[in-house]
Amino acid sequence: MLAIGIDPGTAICGFGLVEMVGNKLTPIHYGAVFTDKDMLPELRLKKIYDELNVLLDEYRPDVMSVEQLFFNRNVTTAISVGQARGVALLTAANRSIPITEFTPMQIKQAVVGYGGANKEQVTFMVQRLLNIRTKPKPDDVADALAVAICGLHTAATRRWQELK
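Now for a look at the structure at hand.

## A closer look at the sheet that holds strand 3 (residues 24–34)
If you walk across this open sheet you meet the 5 strands as 3-2-1-4-5, and the pairing is mixed. Where the open sheet ends on each side, the last strands, each with one partner, are strand 3 and strand 5 (99–102). Within this sheet the neighbouring strands show an average axis-to-axis angle of 20°, counted without direction. Examined bridge by bridge, strand 2 (residues 12–21) and strand 3 share 10 bridges and lie antiparallel to one another. Note on strand 3: the bridge partner recorded for Leu-17 is His-29.

Now the structure itself:
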């Protein structure tokens with residue numbers, strides 16, 4: 001099964017494609033969509049949409065996992081992240097790709113084993129689980145890979161429960 005994980009954002013939208021065969025996780029492709037702060041908001045969203053479409057067309061993931069928006073004190077940031085999140089959901093919906101959504105705590109629990117883990121712990125475990133030597137940068141990329149891992153673990157658990 002191939003999952004794409006998305007860490008939404010308008011300035012940096014991290015993505016990570018991870019494949020799971022049996023219990024082996026393999027990173028397929030990862031990176032980020034970057035937009036310039038001087039771009040019009042609608043053009044930033046269009047760039048994210050266009051680049052995610054290219055990824056989905058090329059890799060054809062079985063599922064998209066997206067980090068849920070948590071309450072943010074900065075309302076402007078929360079709104080723009082929510083818009084980027086909506087763009088990611090739309091790209092998957094246009095292709096009938098199933099979507100799973102996880103809170104930051106669920107992602108940390110799935111990857112580190114502790115929902116209160118910090119960013120360094122998450123990045124460390126992403127590197128170990130995927131056998132990646134170099135730290136994925138920026139942090140949004142490591143987060144997106146963690147989201148994909150969480151989605152794959154959830155899908156595997158659901159399949160296992162269905163077989164019972």
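## Describing the nonpolar core
Among the nonpolar cores identified, the biggest contains 22 residues, and Val-18, Leu-25, Val-126, Leu-130 and Leu-145 are the most heavily contacted of them. Counting residues per element, the ones that place at least two in this core are strand 2, strand 3, helix 3 (104–112), helix 4 (119–130) and helix 5 (139–163). Setting aside chain neighbours within four positions, we find Leu-145 in contact with Gly-16, Leu-17, Val-18, Tyr-30, Val-126, Leu-130, Ile-132 and Pro-136.

## Regarding the environment of Val-21
By the secondary structure assignment, Val-21 is in strand 2. On a C-alpha basis, the gap between Val-21 and Ile-97 in space is 19 Å, while along the polypeptide they are 76 residues apart.

## Brief notes about helix 4
Helix length check: helix 4 (12 residues) gives 16 Å between terminal C-alpha atoms against 16 Å at 1.5 Å per residue, within 8%. All of the buried residues along helix 4 are Val-122, Thr-123, Val-126, Gln-127 and Leu-130. The buried residues of helix 4 all sit within an arc of 135° when viewed along its axis, so they share a single face. If you check the start of helix 4, you find a side-chain oxygen 3.1 Å away from the backbone N of Glu-120, and it comes from Asn-118. Looking at the residues trailing helix 4, positive phi occurs at Asn-131, about 55°.

## As for the pairing of strand 2
Counting buried positions over the 10 residues of strand 2 gives 7, a clear majority of the element. Pairing geometry for strand 1 (residues 2–7) and strand 2, over 6 bridges, is antiparallel. For Leu-2, the partnering residue across the bridge sits in strand 2 and is Glu-19. Between strand 1 and strand 2, which pair antiparallel one after the other, the connecting turn spans 4 residues.

## A closer look at the pattern of salt bridges
Side chains that differ in charge, positive against negative, can pair when their charged atoms come close. Under the counting rule described, the total for this entry stands at 6 salt bridges. Put simply, Arg-85 and Glu-101 hold a salt bridge, and the shortest N to O gap is 1.9 Å. In this pair, Arg-85 is assigned in helix 2 (residues 75–93) and Glu-101 in strand 5, connecting sequence segments 16 residues apart. Asp-143 is the partner of Lys-119 in a salt bridge, and the nearest nitrogen-oxygen pair spans 2.6 Å. In this pair, Lys-119 is assigned in helix 4 and Asp-143 in helix 5, connecting sequence segments 24 residues apart. Note on Lys-119: relative accessible area 42%, which makes it partly exposed.

Parameters at a glance
Residues numbered from 1 in each chain as written. Predicted model: local features only at pLDDT ≥ 70, side-chain atom pairs only at ≥ 80, totals over all residues. Heavy atoms only, no water. Pairing = 2+ DSSP bridges. Helix = DSSP H or I, 4+ residues; strand = E, 2+ residues; numbered from the N terminus. Axes fitted to C-alpha atoms, helices over the stretch in contact; angles between N-to-C directions. Core = buried A, V, L, I, M, F, W, Y, C linked by side-chain atoms within 4.5 Å. Buried < 20%, exposed > 50% of the residue type's maximum accessible area, 1.4 Å probe, protein only. Contact = heavy atoms within 4.5 Å. Expected span 1.5 Å × (residues − 1). Arc of directions from axis to C-beta. Polar contact = N/O pair within 3.5 Å; in protein donor to acceptor, adjacent residues only side chain to side chain. Salt bridge = Lys/Arg side-chain N within 4 Å of Asp/Glu carboxyl O.

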